[in-house]
Amino acid sequence: MALDQAFDQRGYDEDEDEAGESSDGTEMTFLEHLEELRWNLIRAFASIFVFAIIAFIYIHEIFDYVILAPSRPDFWAYRQLCRLSDLTGYADLCVKKLDFQLQALGMSDNFTMGITISFIIGLSFAFPYAFWEIWRFIKPGLRITEKRAARGAVFFVSLLFFIGLMFGYFVASPLAINFLANWQLSPEIKNQYDITSYISILATLSLGCALMFQMPMIAFVLSKVGVLTPSFMRTFRKHAWIVILVVAGIITPSPDVYSQLLVAFPLVILYEISILVSASIQRTRLKESQELLKD
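Conventions we followed
- Residues numbered from 1 in each chain as written.
- Predicted model: local features only at pLDDT ≥ 70, side-chain atom pairs only at ≥ 80, totals over all residues.
- Heavy atoms only, no water.
- Helix = DSSP H or I, 4+ residues; strand = E, 2+ residues; numbered from the N terminus.
- Buried < 20%, exposed > 50% of the residue type's maximum accessible area, 1.4 Å probe, protein only.
- Contact = heavy atoms within 4.5 Å.
- Areas by Shrake-Rupley, 256 points an atom, 1.4 Å probe, with all protein chains shown as cover.
- Disulfide = S-S within 2.5 Å.
- UniProt positions renumbered as here; feature names shortened; annotations may be inferred.
- Salt bridge = Lys/Arg side-chain N within 4 Å of Asp/Glu carboxyl O.
- Core = buried A, V, L, I, M, F, W, Y, C linked by side-chain atoms within 4.5 Å.
- Arc of directions from axis to C-beta.
- Axes fitted to C-alpha atoms, helices over the stretch in contact; angles between N-to-C directions.
- Parallel < 35°, antiparallel > 145°, perpendicular 65-115°, else oblique.
- Nonpolar A, V, L, I, M, F, W, Y, C, P; charged D, E, K, R; others polar.
- Patch = residues over 30% accessible without salt bridge, like charges linked within 9 Å, V, L, I, M, F, W, Y side chains within 5 Å.
- Phe/Tyr/Trp six-rings, centres within 6.5 Å; stacked < 30°, edge-to-face > 60°.

**Notes on the overall build of the chain**
When its secondary structure is counted, the chain shows 12 helices and two strands. Residue burial in the chain is summarised as follows: out of 295 residues, 37% are buried. Restricting the contact set of the chain to residue pairs at least 6 apart, pairs at least 24 apart contribute 81%. Accessible surface computed for the chain: about 17,900 Å², of which carbon and sulfur atoms make up 66%.

**Notes on the state of the cysteines**
For the structure shown, the criterion picks out one disulfide. The disulfide partner of Cys82 is Cys94, and the gap between their sulfur atoms is 2.1 Å. Between Cys82 and Cys94, the disulfide has an S-S torsion of 80° and is therefore right-handed. Placement of the pair is Cys82 in helix 4 (residues 76–88) and Cys94 in the loop between helix 4 and strand 1 (101–103), with a sequence separation of 12 residues.

**Description of the UniProt feature "transmembrane region" (unreviewed entry) in the chain**
In the numbering adopted here, UniProt assigns the feature "transmembrane region" (unreviewed entry) to residues 41–59, 111–132, 153–177, 197–223, 235–251 and 257–277. Its end C-alpha atoms 39 Å apart, residues 197–223 is made of 93% helix and 0% strand.

**Section: the pattern of salt bridges**
For the coordinates displayed, the defined rule picks out four salt bridges. Between Arg237 and Glu272 there is a salt bridge, and its shortest N-O distance comes to 2.9 Å. One end of the pair, Arg237, is in helix 11 (residues 237–251); the other, Glu272, is in helix 12 (residues 257–294), and 35 residues separate them in sequence. Each of Arg43, Glu133 and Arg136 takes part in salt bridges that share partners, so that together they form one network.

**Looking at the nonpolar core**
If you look at the biggest cluster of nonpolar residues, it comprises 43 residues, and the most contacted ones within it are Ile67, Tyr78, Ile117, Tyr198 and Ile199. Those elements that place two or more of their residues in this core are helix 3 (59–67), helix 4, helix 5 (109–138), helix 7 (153–182), helix 8 (195–212), helix 11 and helix 12. Counting residues in hydrophobic clusters, the runner-up holds seven residues, among them Leu160, Phe161, Leu165 and Met217.

**Describing helix 3**
Within helix 3, burial applies to Ile59, Ile62 and Ile67. Projected down its long axis, helix 3 carries its buried residues within an arc of 60°, all on one side. Opposite the packed face of helix 3, turned more than 90 degrees from it, sit the exposed residues His60 and Tyr65. Looking at the buried residues of helix 3, the elements they touch are helix 2 (30–57), helix 5 and helix 8.

**Notes on the packing of helix 5 against helix 8**
Where helix 5 meets helix 8, the axes come as close as 11 Å, and the angle between the chain directions of the two elements is 10°. Taken together, the axis directions place helix 5 and helix 8 in an arrangement best described as roughly parallel. Contacts from Met113, Ile117, Ile120 and Ser124 of helix 5 reach helix 8 at Ile195, Thr196, Ile199, Ala203 and Leu207. Class assignment for the residues of the contact of helix 5 with helix 8 results in seven nonpolar, two polar and no charged.

**Here we look at the environment of Leu93**
With respect to the helices, strands and loops of the structure, Leu93 is situated in the loop between helix 4 and strand 1. In sequence terms Leu93 and Tyr78 are 15 residues apart; their C-alpha atoms lie 8.7 Å from each other.

**Overview of a nonpolar patch on the surface**
On the surface, a cluster of nonpolar side chains totalling about 810 Å² of accessible area is made up of Phe49, Val50, Phe51, Ile53, Ile54, Ile57, Tyr58 and Phe125. The greatest single-element share of the nonpolar patch, amounting to six residues, is contributed by helix 2. Along the chain, the position of Phe125 falls in helix 5.

**What about helix 9 (residues 215–224)?**
Regarding helix 9, the residues found buried are Pro216, Met217, Ala219, Phe220 and Ser223. Along the long axis of helix 9, the arc covered by the buried residues comes to 160°, so they all point the same way. Once helix 9 finishes, Gly226 follows within two positions and takes phi at roughly 85°, a positive value.

**Quick word on the packing of aromatic side chains**
Summed over all chains, the structure comprises 16 aromatic pairs. Pairing Phe51 with Phe125 gives two aromatic rings, centres 6.1 Å apart and planes at 15°, and the pair type is stacked. Remark: Phe125 occurs in helix 5 and Phe51 occurs in helix 2; sequence separation between them is 74 residues. Here Phe232 and Phe236 contribute two aromatic rings whose centre-to-centre distance is 4.8 Å and whose plane-to-plane angle is 45°, an arrangement assigned as tilted. Residue class for Phe232 comes out partly exposed when judged on its relative accessible area of 44%. The partly exposed category is assigned to Phe236, whose relative accessible area is 37%.

**Some details on the packing of helix 4 against helix 7**
Axis separation between helix 4 and helix 7 bottoms out at 9 Å; the angle between their running directions is 80°. In terms of orientation, helix 4 and helix 7 fall into the roughly perpendicular class. Contacts between helix 4 and helix 7 pair Trp76, Ala77, Tyr78 and Leu81 from the former with Phe170, Pro174, Leu175, Ile177 and Asn178 from the latter. Its residues assigned to classes, the contact of helix 4 with helix 7 shows eight nonpolar, one polar and no charged.

Rendered as C-alpha cells:
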C-alpha cells in the first residue's frame, strides 16, 4: 500500500492539473464548489424531466406496447420459455396464459401511473447524461493516475445499466409476473390486481437488475482503493454463488429450477468478470510498484 500511495502521490505532484481551480486560475472556494454541483444536478434533473415529458406525450403507446407487454402470453420471454419447454420436455415451462386482470382502484390512479411511468422512462433514458454530469463534478478532484484508470467510466457504467435494465425487463420481470399471476390458493379466487402493484414489480425488478449489473464497476472501484482483491473473491467464490442463487430465487419465486438458473447464470458471469477486473487492477498496481522501485 505504501508503494502505491507513493506512486500516486508522485504522479499527482508531477502531473497536477487544473482540478479545483476556477476559470481565472484561482482555487475554487467551498461555496463555488457547491454552486458548480448545483448546476450539475440541475442539468441532470433537467435531462430526466425532458425525457419524462417525451414519454408522457406517448404514454398510451408506451403503456400498451411496453408496460403491459409482460402481462401477455405472446411476450418475448414467454415464447423463449415455450421453446425451452420443447427442448427439455418440461411442459410446465411453457406459458400459455396469464390468468389475471389489472384494474385501477382510485380515480386518479391512471393519471398518477402515467406520471410515474414517464418519470421511470425519463430516468432510464437520461441516465448516461445524468451520470456524466455527476462525473464531471467528481473527475477534477481525482489524481492523474485515478483519471487514467477511470477512463471510459461513463460508457461502461451506462452500458451495464442498459444491459441490466433489458435483462430485468425481458427476463426477471416476466418470470416473476408469470409465477405470481398463476399461483392461486383456490380456483375460486380471481386474480385481480391493482395496476400500481403490477408496475411496482416491473419497475423494481428492471431497475434492480440495472443496479446489480454494476457489479464489475463496483469491483473496479473497490479494487482501486485496495478494499477488494481477486484472491479474496476467488476464496469466497462458492459463497458468492450461493448468495446469487438466493437472490435469483427471490427475483424468480417460481419453483422450477430453470427459471432460477436463467437469472443466476448472468449474475455468475458478472461475478467472474469482476474477478478478472480486480486481477487486472492488481497486476497494474504491481507493475507500477516495480517501476517505482527501479526508479
